[in-house]
Structures are given as C-alpha cells and as structure tokens.
Amino acid sequence: MNTRTESSSREQDYPSWAAAESGDTADDPRAVRFATDYPVRPIPMEGTVDTQPICSTPSSGFEALWKQIEPETRTRGNDVHLPISAAYAERLCDAYPSADRELVLVTIILHDTGWAHVDESRIISEGFGGDWRKATIRFEHEREGCLVARRVLPGLGYSEDFVERVCEIIDGHDTRPVAFSLEDALVRDADRQWRFDRAGIALSASWFDMDMATYTDRLEREIIPELITEAAVTMAEADLRRQRDLLRTEVIR
C-alpha cells in the first residue's frame, strides 16, 4: 500500500473511533443560540491565520497561572499538551478577535488539569481505548478540572462569573459534542489542533498504540471534520501535510 488514500495495513488492528453524538446537548439553548449566531461551518475567519509550525509562535503570559497548575502538568503529558494547545489558542484568538481572548487562554491552560486528579492507571486503558469518547474517566477529568479552576483562579483575581464561564467550557470539552459559544469552540479546536503538531502526533499515537501512518489517516478522516472554525481547519491541513512529509507516511505504512 503506497498511497495515502489506502488504509494502513494495520488499520484493521485498531477499533474504529465512535462518532461524536449530539445527544440532548444539541437542544440546549446555549447550543441553539451559538448555532444560530454562527450558521456556517467551519466558521469563517474574521482575520488571518498563521500556518507556520506552531513552535515558531509559542504562547506567552499567564505565568502565575502556569505556576499554580505546575503539579497538574506532570500527568498524561500535560507538560507537552497544554503549552502547545495554548499556542494554537493564541493563533485562533488572532483569527477571531471578537472572542474573549482571556477566557479562551485561561480555559485552554486549565482544561485538562483534571487528569492529574483521576486514577492514573485508568487514563490510557479507558480514556484512549474502545469507545473512548464516552469513557467515564473523561467525564471525571472534566469535573476535576472545574475543581482546579475554582481553586486557583479566585486567588489570581478572577471574578466568580469569570470562573463559572471557564468551568462551563471545561465541563464537556471532551464529552459534550456541541459548543455553547465562540470561546468554547476555540478551546475545543485548540485542544484538537495540538494533535497535528509533530510532538502531538508522536505522543497521541503512542496513547492509541497506533503507527504514524494510521494515526495521521485518522486525523484527516475523523478529527479535521470535527473542527469548528475555518482557522483551525486551515492550520490542521497545513500541519498534517508537513508531518506526513516529515514522517514519510506515504511509504512507511
């Protein structure tokens, strides 16, 4: 098999990723309002987007918040995932200046801190195996992430209303398949976009126990269609081309 359009010879060894389901949340007034306000998908860019490798524009600022959650970065590769996701979030905020930038960036920094407060032995076996989108541990890490936000943000001067807006996004960022706001959408897209960076591909493929060709095929077929914004799709497609060339997935499959 020598083309990207063909399945990896090992594809049959991996269970299919279950499709995201809207469930009752699609009828939530917040989801309905967001869909009404942004009827075109992916959501067209308001500005332009940088498609250079993400390492050329690392995120900046929020040092006090990063120090507060340093212990939570030591689980499940968060010390790789969170900074890279934050860098993508900054680019998305540049492309959508109408979004509340501080809300997006604070939330992306905190969104996966809950993994540090669940049973670590279950993270890979449940969170990245089988029907992983519905795994109980994913709901648990969202709830724990909200507890982290409520613990650290007030001491950094954030209002109760701001903290609750952060938690509204964290609570459901993996398990709720619809976004409630533009800020929610940008956090969701940044959370997925890190998978298209070479570091994200290497780490995520190991979690799913996939070879690089199969994993990048899955990114194209199943993750890009989930991206909500045009800017995220544009960056993901550019990143995926680069990583496939770098990893020689057209021949190593």
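The chain is annotated in an unreviewed UniProt entry as HD domain-containing protein of Brevibacterium sediminis.

Undergrad: Explain the pattern of salt bridges to me, please; I cannot follow it from the model alone.
TA: Note that side chains of opposite charge can pair when their charged atoms are close. Counting across every chain of the model gives 22 salt bridges. One salt bridge connects aspartate 28 with arginine 30, and the closest N-O pair in it is separated by 2.9 Å. Two residues, arginine 248 and glutamate 250, come together in a salt bridge whose shortest N-O distance is 2.8 Å. Residue arginine 248 is classed as partly exposed on the basis of its relative accessible area of 42%. Several salt bridges converge on common partners, so that one network encompasses Lys67, Glu70, Arg74 and Asp79.

Undergrad: How should I be thinking about the side chain of histidine 173 in this particular structure?
TA: Its place among the elements puts histidine 173 in the loop between α7 (160-170) and α8 (182-193). Overall, histidine 173 belongs to the buried group, its relative accessible area being 1%. Within polar-contact distance, the side chain of histidine 173 engages the side chain of histidine 141 at 3.3 Å. If we ignore the near neighbours within four places in the chain, the residues touching histidine 173 are His111, Asp112, His141, Glu142, Arg188, Asp191 and Arg192.

Undergrad: When you look at the side chain of aspartate 184 in this model, what are you seeing that I'm missing?
TA: With respect to the secondary-structure elements, aspartate 184 resides in helix α8. Aspartate 184 gets classed as buried once you look at its relative accessible area, which sits at 1%. Ignoring any residue separated from it by four or fewer positions in sequence, one finds aspartate 184 in contact with Ile169, Arg176, Val178 and Ala179.

Undergrad: I keep staring at the packing of aromatic side chains and nothing clicks. Help me out?
TA: A full pass over the atoms with the stated rule returns 4 aromatic pairs. Seen in terms of ring centroids, phenylalanine 34 and tyrosine 38 are 5.2 Å apart; in terms of plane orientation they differ by 45 degrees. Their pairing is tilted. The class of phenylalanine 34 is buried, set by a relative accessible area of 3%. Between tryptophan 194 and tryptophan 207, the aromatic rings sit 5.9 Å apart at their centres with planes inclined by 45 degrees, giving tilted as the arrangement. Taken together, the residues tryptophan 194 in the loop between α8 and α9 (198-207) and tryptophan 207 in helix α9 connect sequence positions 13 residues apart. The exposure class of tryptophan 194 is buried, given its relative accessible area of 3%. Classification of tryptophan 207 as buried rests on a relative accessible area of 12%. Seen from the ring of phenylalanine 180, arginine 176 lies directly overhead, with NZ or CZ sitting 3.9 Å from the centre.

Undergrad: Got a minute to help me understand the environment of threonine 48 in this structure?
TA: Its location among the elements puts threonine 48 in the loop between α1 (29-37) and α2 (63-68). For threonine 48, a relative accessible area of 66% gives the class exposed. For the pair formed by threonine 48 and aspartate 94, sequence separation is 46 residues and the distance between their alpha carbons is 7.5 Å. The residues touching threonine 48, leaving out its near neighbours within four places in the chain, are Asp94 and Ala95.

Undergrad: How do you make sense of unusual backbone geometry when you look at a structure like this?
TA: A negative phi angle characterises most non-glycine residues, just as the trans form characterises most peptide bonds. Looking along the chain, the bond that leaves arginine 41 and enters proline 42 is cis, with omega of -5 degrees. Looking at the secondary structure, you find proline 42 in the loop between α1 and α2. Unusually for a residue other than glycine, arginine 248 sits at a positive phi of about 55 degrees. Among the secondary structure elements, arginine 248 is positioned in the segment after α11 (230-247).

Conventions and cut-offs
Sequence order as written defines the numbering, with residues in each chain counted from 1. Two thresholds apply to this predicted model, a pLDDT of at least 70 for residue-level local features and 80 or more for giving and counting side-chain atom pairs, whereas whole-chain, interface and lining totals are computed over all residues. Excluded from the side-chain calculation are hydrogens and water; included are all heavy atoms of the structure. Salt bridges are defined by distance alone: a side-chain nitrogen of Lys or Arg within 4 Å of a carboxyl oxygen of Asp or Glu. Whether a residue is buried, partly exposed or exposed follows from its accessible area with a 1.4 Å probe, protein chains only, as a fraction of its type maximum: under 20%, in between, or over 50%, in that order. For helices the rule is a DSSP run of H or I covering at least 4 residues; for strands it is a run of E covering at least 2, with both sets numbered from the N terminus onward. Throughout this description, a polar contact denotes any pair of N or O atoms lying within 3.5 Å of each other; where both atoms belong to protein, one of them has to be capable of donating a hydrogen while the other can accept it, and for residues adjacent in sequence the pair is counted only when both atoms sit in side chains. Contacts were defined at the residue level, with two residues in contact if any of their heavy atoms lie within 4.5 Å. Two rings belonging to Phe, Tyr or Trp (six-membered ring only in the last case) form a pair when the distance between their centres is within 6.5 Å. Interplanar angles under 30 degrees mark stacking, angles over 60 mark edge-to-face geometry, and anything in between is tilted. The rule is short: NZ of Lys or CZ of Arg within 6 Å of the ring centre and within 35 degrees of the ring normal puts a charge over the ring.

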